[in-house]
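# What the coordinates show
Each chain, written out:
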Amino acid sequence: MNRFKTSKFKNTTPKVAKKDGWINNVHAGSFSCQGNHIKASSKLVAFNTDQAGGGMVGLTSVNPLDGQWTVTQISCHSDLVTDMDFSPFDESLLATCSGDETVKLWRLCDPEQEQPGSPELTLKPNQGRLELVHFHPTSSGLLAVATAKSPLIWDTSKQDAPLAALEQHSDQLQSLSWKQDGSLLASSSKDKMLRVFDPRAQLTPVQSAKSLQNNKDSRILWAKDDFLLTTGFDTMRTREVRLWDSRKLGSSVSSLSLGTSTGMLVPLFDNDTGLLMLAGLGETAVDCFEVSTSEPFLTQVSHCLTDASTRGIAMVPKLALDVISCEVVRVLQLTDSCIVPISYQVPRKSSGHEFHDDLYPDTVGTTPAMSAEEWWQGGNKQVEKVSLHPDKRPKPAAKQTPVKKEQPSGGNKDDQPRGCSTSSSPLSTPSSSAAPSRSPSSTSGLSSGFLPSPSQNVKAIQSLMGPTSKFRHIQGAVMHRDKHITNIRNLNLTTPGECDGFCVNRQRVAVPLAISGGQIAVFERSGPGRQPDTALPTIQNSVNVADLCWDPFDSHRLAVAGDDAKIRLWQVPEGGLEETLTEPKLILQGHTEKIYSIKFHPLASGIMVSSSYDLTVRLWNLESGEQVKVLTGHQDQVFGMAWSPDGKLLATVCKDGKVRIYDPRKSPAPVQEGPGPEGHRGARLVWVCDGKHLLVSGFDNRSERGLYLFSADSLSSGPIASASLNVSPSTLIPFYDPDTSVVILTGKGDTRVCIYEVIPEDPYFIECSSFNSPEPHKGLAFLPKTECNVRDVEIAVGLMLTKTTIEPVAFRVPRVKKEFFQDDVYPDTAVWWEPALNASAWLSGSNGQHKKISLKPKDMTPVSEAPKEAPVRKYLPSSVYLEEKTDEQKKEELLSAMVAKLGNMDDPLPQESFEGVDEEEWDD
């Protein structure tokens, strides 16, 4: 592709399969190894699982059988399976390597059949843990195997020793790739070196250069002709893609940066189309680029976002594609619980009806060009190419009836169950007349075999699609600038992770400042606009602020926890700060070390709880200014606390990996305890679903952010549901709206605000549209429900803190009949800004309940009472279209239409009305 020629693949479109086309029941493992974690032949898919410490491999099929996928596991190794590869000449032959220092070759059956209990071949290099295994692209029985620092070339017919042990790398070998013609082998290493080997000529590299900029993980593969492509990180740890001329490795011919992330970019390249797929491990995006050997070398084609994070990715061989639907590439995304097919199709008018020769040049077939011995002796034969045209493909052999009973050990090979290939040698390959057992072209008109069986009824389809949320199209929008508070200076952007960063109520906003003495600015919401450049009156807390929050029942009282293990309560005067406050109204002392966080009681006035580095949680009576309870049982830092909606229980999540529930008035010890998030970077929790469940946001053992839902009645049984989100260092801070059961989550420093509806039954989390801010925000805090404009169907209004501004953000639900009050969205809401009881009553054992009010304005009618509109017929009845007309009627209609188009012939022409020039005005 050159800059003046349009590529036929520029409009290639990714189509993520619907959920009923996903391969489920997958328990993917995420282990530290150099492989891609998933590989596919034209019939089978193999992937890493978390079973048996990673020693098992999951197996399924590329296309479903009768609309269903079968997933099974094979016990392959006694240690982690580090890499795997299917033979390009036998769709059932899989090679695996492992930390147990062996390479094994497996002759696999269809997933519905019983799999072999032992490999057909085992290689033992005895050189420590093995990292990579790759079949040779043109020769049968030839493997490239990577130890920690050295590539080995192995002829499997000679099991005793490798054909060649190439020169050792000075550090960890990270990636290997055969050239398409099988002549050269390229490698990338942690020592930042790129090497190109000709194993038949010499054991040392024929080309090498210290070309990579970072020793973090890298990948290498051969692109078109003599070009190499690498993915890795630059000196600033930004992910990059580079294209190299293998004959001159000193400098790359092109490079591309793809942002900062910890996830390694896994590249997949299709030589027929020149399309490059890039997927970041732990991320939800798959990018497609077109690679050219001239400017521009790398051109982006598409950016695809998926629902789940990538654990591995593989490309399906060309012979398995649905060519009638113009599918040019299909990749399989491995996630924690499923495999997601992504089909890349070129839009064509006749897609689904005919074969497009220009999209499908002849591709490499499945018959090896030579044996390993012939290649080692200097042979350079190439694999014969075959056409992808459905009519020109070799016909598959007639299938035998499946044999269901067990075969005796001495049974005939022809009596093997369907789907099990047999061979006298582990590396014998099918003849050129062999073909995949399922023809992909048989699904013409479908996406690529992703749709379920047509026998499914409507109810079954609804169960597959799952419930939908009325809030799924929720829209977040920053309000007009005249409501912003701007020109805020010296903001403290490094508050502890347990702090929300700032706090708000209906009247004012409190923001910590990065000024000595722990100063706090208080802004009145009634006076938005640009703040003066001069110094503002502040609250001087005297020590650094650890956490702060407003009293929900007194909009003038601000509680501030400090580094000195004290809690100070400040009283902001009516109308806001006019002078600096230096003396708090009350100081609470009792903790022996720095305080993590503080929380007011949701129903009782004058009750507060605090957590500290002294591993205690303390209950305070603000009416008497005394500590009334000390809750124990935490073994490490307390990440977060939350009161139950009825105010009876207190839940905590701790760095020791436990979630606890306390009944503070009855016992200082937890009444329930259960396993929390595995990660130790931070966590938050909130009560949901009428206080019957706990929602915890935290990190897993791979530092990926996630949500965990617990039943409040059985914490010890662990989470009943979980959802992985993305990789980011900041803890997700949840805001839960009990009226709609919508939870809004974001972290300090994020740009994305995630929104879910939480329900107490499967699937538990229903994802809604997310909101993206133009720049990273430093916090998001929400206002009472009464601040929502019900006429615009706002269900939540928050204030977003940036480096210099505070901006209101409204979350609205799109509705057609906005003139009516949306009573299905606005049930009566709790008046939580008024206390239900005082501190003394609550401590003595009394319980209360908030009263509720309706948000309906007096001049609005509920949408449930709106008059029903009669349905309007959009189309004429079918009888009009089906009415038969005679030839004379058709001719008359045609003539009438032509005459109407020409107009009335008796009308004067326009030029007849133009005025001419008088005769005397003409020049002689």
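Residue positions are given per chain, counted from 1 along the sequence in the order it is written. Where totals are concerned, whole chains, interfaces and linings use all residues; where local detail is concerned, this predicted model gives features only for residues with pLDDT of at least 70, and gives and counts side-chain atom pairs only at 80 or more. Note: side-chain values were computed over all heavy atoms of the structure, leaving out hydrogens and water.

The number of helices and strands found in the chain is five helices and 67 strands. Each residue's exposure class comes from its accessible area (1.4 Å probe, protein chains only) as a fraction of the maximum for that residue type: buried when under 20%, exposed when over 50%, partly exposed otherwise. When the 924 residues of the chain are sorted by exposure, 52% land in the buried category. Put simply, 54% of the contacts in the chain that link residues at least 6 apart link residues at least 24 apart. A total of about 42500 Å² of accessible surface is found on the chain, and carbon and sulfur atoms cover 48% of it. Numbering goes from the N terminus for both helices and strands, where a helix is a DSSP run of H or I of at least four residues and a strand is a run of E of at least two. Note on contacts: a residue pair qualifies if any of its non-hydrogen atoms lie within 4.5 Å across the two residues. Residue-level accessible areas treat just the shown protein chains as cover; the underlying method is Shrake-Rupley with a 1.4 Å probe.

Here we take up the sheet that holds strand β56 (residues 721-727). Two strands pair if DSSP finds at least two bridges between them. Here we have four strands laid out as an open sheet, ordered β53-β54-β55-β56, and antiparallel in their pairing. Edge positions in the sheet fall to β53 (684-688) and β56, since each of these pairs with one other strand and no more. Ignoring which end each strand starts from, the neighbouring axes of this sheet average 20° apart. In the sheet, β53 pairs with strand β54 (residues 693-699) via five bridges, with the strands oriented antiparallel. When the bridges of β54 are listed, V688 appears paired with H693. With axes taken as lines fitted to C-alpha atoms, and helix axes fitted only over the stretch in contact, angles between N-to-C directions fall between 0 and 180 degrees.

Another aspect to go through is empty space enclosed by the protein. Lining residues are those with an atom within 4 Å of a point, where the points come from a 1 Å grid over the protein atoms alone and group into cavities, where a 1.4 Å probe fits but cannot get out, or pockets, open sets with protein on both sides within 12 Å along at least five of seven lines. Grid points are joined across faces, edges and corners, and a volume is the space filled by probe spheres set on the points. By the definition in use, this model includes four cavities of 30 Å³ or more. Estimates place the volume of the largest cavity at around 60 Å³. With four residues, strand β20 (residues 227-233) is the single largest residue contributor to the lining of the largest cavity. Along the lines of polarity and charge, the residues of the lining of the largest cavity split into two nonpolar, five polar and two charged. Only Asp, Glu, Lys and Arg are considered charged, only Ala, Val, Leu, Ile, Met, Phe, Trp, Tyr, Cys and Pro nonpolar, and every remaining residue, Gly among them, polar.

Time to look at the environment of V630. Along the chain, V630 turns up in strand β48 (residues 626-631). In this structure V630 comes out as partly exposed when scored by relative accessible area, which is 28%. Each residue touching V630, except ones within four places of it in the same chain, is listed here: T616, V617, R618 and P668.

A surface patch of nonpolar side chains, about 300 Å² in accessible area, is lined by L894, L895 and M898. Among the secondary structure elements, M898 is positioned in helix α5 (residues 887-902). In this analysis, a patch consists of residues with relative accessible area above 30% that form no salt bridge, clustered at 9 Å for like charges and at 5 Å for the nonpolar side chains Val, Leu, Ile, Met, Phe, Trp and Tyr. In what follows, salt bridge is the name for a side-chain nitrogen of Lys or Arg lying within 4 Å of a carboxyl oxygen of Asp or Glu.

A separate point is the pairing of strand β41 (residues 554-562). Most of β41 is tucked away, with seven of its nine residues classed as buried. In this structure, strand β40 (residues 545-551) lies alongside β41, joined through six bridges in antiparallel fashion. Paired with W550 across the strands is L558, a residue of β41. The turn linking β40 back onto β41 is made up of two residues. The sheet contact formed by β41 and strand β42 (residues 566-571) spans five bridges and is antiparallel. Counted as the bridge partner of V560 is R568 from β42. Hairpin remark: β41 followed by β42, antiparallel, with three residues in the connecting loop; positive phi at A565, about 70°.

Such coordinate-based values are descriptive only and should not be taken to indicate function.
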